[in-house]
Amino acid sequence: MALNIKPLLDRVLIEPVAAETQTASGIFIPDTAKEKPQKGIVVAVGNGSKDYDMTVKVGDTVLYGKYAGTELKFEGKDYLIMKEEEIFAVI
């Protein structure tokens, strides 16, 4: 899928992975008790800056902070745009 969003400098566009609806023991989690997902797939990456090279690439699954980035909706889908430094790990 081609996306018409190109992040600038050291920013990354992430599509959050849907939160779990059931625990490992089989208990269903109601919508009111669900937390924001902290895992997502990188959809687009900026070019970095003259002092900073990007380490994540499109398709990477990453972990990020609960309140990291800025939420945006584009063509009916939810995305997060954040600086690469707000990403904790690549899975």
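Refer to the structure printed above.
Residues numbered from 1 in each chain as written. Predicted model: local features only at pLDDT ≥ 70, side-chain atom pairs only at ≥ 80, totals over all residues. Heavy atoms only, no water.

(A) Inspection of the overall build of the protein chain at higher detail. Scanning the protein chain from terminus to terminus reveals zero helices and six strands. What you see in the protein chain, going N to C, is helices and strands ordered as β-β-β-β-β-β. If you line up the protein chain on its principal axes, its C-alpha atoms span 50 × 30 × 20 Å. When burial is assessed residue by residue, the protein chain has 26% of its 91 residues classed as buried. Contacts spanning at least 24 positions in sequence make up 64% of the contacts within the protein chain whose residues lie at least 6 apart. For the protein chain, the accessible surface area stands at approximately 6,300 Å², while carbon and sulfur atoms represent 54% of it. Separation of charge centres in the protein chain, based on 11 positive and 14 negative side chains, amounts to 1 Å. (Helix = DSSP H or I, 4+ residues; strand = E, 2+ residues; numbered from the N terminus. Buried < 20%, exposed > 50% of the residue type's maximum accessible area, 1.4 Å probe, protein only. Contact = heavy atoms within 4.5 Å. Areas by Shrake-Rupley, 256 points an atom, 1.4 Å probe, with all protein chains shown as cover. Lys, Arg positive; Asp, Glu negative; His and termini not counted. Charge placed at Lys NZ, Arg CZ, Asp CG, Glu CD.)

(B) Representation of unusual backbone geometry in the model. Of note in the backbone geometry, leucine 9 takes a positive phi value of approximately 50 degrees without being a glycine. Position of leucine 9 relative to the elements: it lies in the segment before strand E1 (11–16). Located in the positive-phi region is glutamate 75, a residue other than glycine, with phi close to 50 degrees. Along the polypeptide, glutamate 75 turns up in the loop between strand E4 (70–74) and strand E5 (77–83). Residue class for glutamate 75 comes out exposed when judged on its relative accessible area of 61%.

(C) Here's a closer look at a nonpolar patch on the surface. Together, Leu63, Phe88 and Ile91 make up an exposed nonpolar region whose accessible area comes to about 330 Å². By the secondary structure assignment, leucine 63 is in strand E3 (residues 61–64). For leucine 63, a relative accessible area of 33% puts it in the partly exposed group. (Patch = residues over 30% accessible without salt bridge, like charges linked within 9 Å, V, L, I, M, F, W, Y side chains within 5 Å. Salt bridge = Lys/Arg side-chain N within 4 Å of Asp/Glu carboxyl O.)

(D) Highlighting the sheet that holds E4. Taken together, the six strands give an open sheet; going across it, the order is E4-E5-E1-E2-E3-E6, and neighbouring strands pair in antiparallel fashion. Since the sheet does not close on itself, it has two edges, and those belong to E4 and strand E6 (87–90), each with one partner. Ignoring which end each strand starts from, the neighbouring axes of this sheet average 45 degrees apart. Pairing between E1 and strand E2 (residues 39–45): five bridges, direction antiparallel. Each residue of the ladder has a partner; that of isoleucine 14, found in E2, is valine 42. (Pairing = 2+ DSSP bridges. Axes fitted to C-alpha atoms, helices over the stretch in contact; angles between N-to-C directions.)

(E) A look at the nonpolar core. Val12, Ile14, Val42, Val45, Met54, Val56, Val62, Tyr64, Ala68, Leu80, Met82 and Ile87 together form the largest nonpolar core, which totals 12 residues. Where this core is concerned, the elements lending two or more residues are E1, E2, E3 and E5. Each residue touching valine 56, except ones within four places of it in the same chain, is listed here: Val12, Val45, Val62, Glu84, Ile87 and Val90. (Core = buried A, V, L, I, M, F, W, Y, C linked by side-chain atoms within 4.5 Å.)

So, to be careful, I would describe these as geometric facts and stop short of saying anything about function.
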